[in-house]
Amino acid sequence: MRRAEELRYLILAAQREGNRMLGQALRPLGLTPSQAEVVRVLHERQPLTLNGLGDLLVCESGNSPSRLVDRLATAGIVRRQPSEYDRRHIELSLTVEGARLAALITEIEEHLYESIDHASDRYDTDQITGFLWSFVGSTPAGQALARRATTSPKAHPDT
């Protein structure tokens, strides 16, 4: 197997396994990983317009998150209300239930991150993340992540 092919499939396998683990942990909350991402982004940045939310999502990069928001609004997790600045725009925010779920999602994600930290503690993750930023930095998903990241992708090598 060519090195690039191996790398591609290792990244895909890691993403699928991480998503499977996250999905399993979120199941008791009745949320998918994509829905949990919407809740977390709103928790950190609310209120947001639908377009503003879409600009920050990795799970739906390039696509409108309207179906995700519709399901979360129907479940009483997300609130839609007209913007106080421009009545033509609808702002999204979390309900009380959404805020409660955001705290639980944070705990679930922390357990996943601890697992990843443990698996990677013998490796130079700066090189790995530097490579990944150089690979995805100019893509819609990479740009969405860069907008959310606490550090700019420019701080990463090879970007």
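In this report, we go over the structure that sits alongside the text. (Residues numbered from 1 in each chain as written. Predicted model: local features only at pLDDT ≥ 70, side-chain atom pairs only at ≥ 80, totals over all residues. Heavy atoms only, no water.)

1. Focus on the overall build of the protein
Secondary structure assignment for the protein yields 7 helices and 3 strands. In the protein, the succession of helices and strands from N to C terminus is α-α-β-α-α-β-β-α-α-α. When the backbone C-alpha atoms are referred to their principal axes, the protein occupies close to 55 × 35 × 25 Å. Long-range pairs, those at least 24 residues apart, make up 52% of the contacts in the protein between residues at least 6 apart in sequence. (Helix = DSSP H or I, 4+ residues; strand = E, 2+ residues; numbered from the N terminus. Contact = heavy atoms within 4.5 Å.)

2. Points about the packing of aromatic side chains
The geometry of an aromatic ring pair is captured by two quantities: the separation of the ring centres and the angle between the planes. Summed over the entire model, instances satisfying the criterion amount to 1 aromatic pair. Taking the centre distance of 5.9 Å and the plane angle of 25° together, the rings of Phe131 and Phe135 count as stacked. Residue Phe131 and its partner Phe135 are both found in helix H6 (residues 125–136); the two are separated by 4 residues, about one turn of the helix. (Phe/Tyr/Trp six-rings, centres within 6.5 Å; stacked < 30°, edge-to-face > 60°.)

3. Things to note about the pattern of salt bridges
Inspection of the entire model under this criterion finds 7 salt bridges. Two residues, Glu44 and Arg40, come together in a salt bridge whose shortest N-O distance is 2.8 Å. Pair noted here: Glu44 and Arg40 are both in helix H2 (residues 33–45), with a separation of 4 residues, about one helical turn. Put simply, Asp70 and Arg80 hold a salt bridge, and the shortest N to O gap is 2.2 Å. Residue Asp70 is located in helix H4 (residues 66–74), and its partner Arg80 is located in strand E2 (residues 78–82); the two are separated by 10 residues in the primary sequence. A single salt-bridge network, built from bridges that share partners, covers Arg40, Glu44 and Glu109. (Salt bridge = Lys/Arg side-chain N within 4 Å of Asp/Glu carboxyl O.)

4. Considering the pairing of strand E3 (residues 90–94)
Among the 5 residues that make up E3, 4 are buried, leaving the element largely enclosed by the rest of the structure. Here 2 bridges tie strand E1 (residues 48–49) to E3, and the two strands are oriented antiparallel to one another. Within E3, the residue paired with Thr49 across the bridge is Glu91. Alignment of E2 against E3, held across 5 bridges, turns out to be antiparallel. Residue pairing for E3: Pro82 is matched across the bridge by Ile90. (Buried < 20%, exposed > 50% of the residue type's maximum accessible area, 1.4 Å probe, protein only. Pairing = 2+ DSSP bridges.)

5. With respect to helix H5 (residues 96–120)
Between its terminal C-alpha atoms H5 stretches 36 Å, which fits the 36 Å expected from 25 residues at 1.5 Å a residue. Among the residues of H5, those classed as buried are Gly98, Leu101, Ala102, Ile105, Ile108, Glu109, Leu112 and Ser120. Buried positions along H5 lie against helix H1 (3–26), H2, E3 and H6. (Expected span 1.5 Å × (residues − 1).)

6. A look at the sheet that holds E2
The strands that make up a sheet are held in pairs by hydrogen bonds between backbone atoms, and each pair lies either parallel or antiparallel. Spatial ordering of the open sheet is given by E1-E3-E2, a layout of 3 strands whose pairing is antiparallel. The outermost strands of the open sheet, each flanked by one partner alone, are E1 and E2. Running over the sheet, H2 touches E1, E2 and E3 and is turned about 100° from E3. (Axes fitted to C-alpha atoms, helices over the stretch in contact; angles between N-to-C directions.)

7. Comments concerning the environment of Asp126
If you trace the backbone, Asp126 turns up in helix H6. Using a relative accessible area of 58% as the deciding quantity, one classes Asp126 as exposed. Spatially, the C-alpha atoms of Asp126 and Arg16 are 22 Å apart, while their sequence positions differ by 110 residues.

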